[in-house]
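Each chain is listed here by its residues.
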Amino acid sequence: YKLSVSPEMDIMEYCRKEWRGNTPVAKTMRKGYEAVAQKFACIRRIRGDNYCAFRATLFQALSQATQLPSWLQSEDFTMLPENLLNKYDWIKQWQLKQKPGNKMGEISDEIKEYLILLRKKWKNISEIKDPIEKQEACDKLFKNEEEEYSLYEALKFLMLNTAIELYNDDKNGKRVPVFSWLLFARDTSSNPCQLMHNHLNHIGHSGGLEQVEMFLLAYALQYTIQVYRLYKYSTDEFITLYPNDPEEDWPVVTLITEDDRHYNIPVRMCQETML
């Protein structure tokens with residue numbers, strides 16, 4: 001039994017414990033953590049498997065959710081798997097978590113269940129008014145491995161859906177965000193089918209999210225993901241936004257990374273920052 005999201009710890013105490021030496025890297029990290037500590041009092045460590053970007057983003061989104069996002073409310077949200085499978089035969093090769101070799105009908109039903117679970121959890125948690133109770137509900141959800149991993153499968157499928165929309169928009173001459181060109185400019189993902197085979201199917205198994213996929217996740221959730229990239233301290237990339245030109249009405253979640261591979265979360269915004 002592993003904790004998915006560890007309890008809060010003072011951010012500077014954590015930094016002192018992790019970065020003791022006098023190497024240039026340790027000094028940069030300490031400076032980075034000091035800057036984060038101007039805004040946030042504590043850090044919560046995120047369990048380090050290949051799902052940590054999903055885990056950190058979703059935990060933060062649910063922790064501050066006060067309503068169900070509009071895309072989760074739409075009538076046809078749970079029909080997505082069926083609709084996409086009718087159009088794109090190759091989605092049959094979607095890699096379900098630890099269930100290889102599923103037949104088409106099963107894949108569609110399975111993903112539909114994950115999407116229904118995502119909507120249900122988001123709705124329940126967003127309706128909790130008391131902040132302590134809300135936090136407890138999030139902690140509880142992220143201790144239930146079966147549900148937690150089902151939610152990540154839902155997120156992955158939403159990323160695929162978003163990628164298909166962006167790809168088609170670009171082909172039809174519509175304006176698409178710059179990251180979408182970068183996503184499909186990779187040799188390994190020149191179209192959504194390749195993206196699924198070479199990237200999305202591997203997330204959580206043999207790899208995490210690459211930078212360009214952080215943009216895709218942000219678009220799929222319609223959230224701005226703000227990341228303190230500590231090793232980039234004192235450069236323009238120290239605080240990176242995915243997407244970098246976010247829609248004004250998108251909520252913001254904040255993560256911390258030391259290396260663009262593993263993500264933790266800052267919590268407890270300092271009082272003066274909130275005012």
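In this text, all values refer to a predicted model and were calculated from it rather than measured experimentally.

Rules used in this analysis
- Residues numbered from 1 in each chain as written.
- Predicted model: local features only at pLDDT ≥ 70, side-chain atom pairs only at ≥ 80, totals over all residues.
- Heavy atoms only, no water.
- 1 Å grid on protein atoms, 1.4 Å probe; cavity = no way out; pocket = protein on both sides within 12 Å on 5 of 7 lines; lining within 4 Å.
- Points joined across faces, edges and corners; volume = space filled by probe spheres on them.
- Nonpolar A, V, L, I, M, F, W, Y, C, P; charged D, E, K, R; others polar.
- Phe/Tyr/Trp six-rings, centres within 6.5 Å; stacked < 30°, edge-to-face > 60°.
- Buried < 20%, exposed > 50% of the residue type's maximum accessible area, 1.4 Å probe, protein only.
- Helix = DSSP H or I, 4+ residues; strand = E, 2+ residues; numbered from the N terminus.
- Salt bridge = Lys/Arg side-chain N within 4 Å of Asp/Glu carboxyl O.

Caption draft 1: Structural view of empty space enclosed by the protein. Tallied over the entire structure, the rule returns one cavity of 30 Å³ or more. Computed from the structure, the largest cavity encloses a volume of approximately 40 Å³. Lining the largest cavity we find Leu3, Ser4, Val5, Arg44, Asp139, Phe142 and Lys143. Tallied by class, residues from the lining of the largest cavity come to three nonpolar, one polar and three charged.

Caption draft 2: Here's a closer look at the packing of aromatic side chains. In the structure shown here, the tally under the stated rule is 19 aromatic pairs. Centroid distance tyrosine 88 to tryptophan 90: 5.6 Å. Interplanar angle 45°. Geometry classified as tilted. Residue tyrosine 88 is classed as buried on the basis of its relative accessible area of 19%. Look at tyrosine 167 and phenylalanine 184: their rings are 5.0 Å apart centre to centre, the planes differ by 65°, and that puts the pair in the edge-to-face class. Here tyrosine 167 is found in helix 8 (residues 145–171), whereas its partner phenylalanine 184 is found in helix 9 (residues 178–185), with 17 residues between them in sequence. Through pairs of rings, three or more aromatic residues link up here, namely Phe179, Phe215, Tyr219, Tyr242 and Trp250.

Caption draft 3: Seen up close, the pattern of salt bridges. For the coordinates displayed, the defined rule picks out 17 salt bridges. Put simply, glutamate 237 and lysine 232 hold a salt bridge, and the shortest N to O gap is 3.7 Å. Overall, lysine 232 belongs to the buried group, its relative accessible area being 19%. For arginine 261, the salt bridge identified is with aspartate 259, shortest N-O distance 3.9 Å. The exposed category is assigned to arginine 261, whose relative accessible area is 65%. Several salt bridges converge on common partners, so that one network encompasses Arg229, Lys232, Glu237 and Asp260.

Nothing here speaks to function; it is all geometry.
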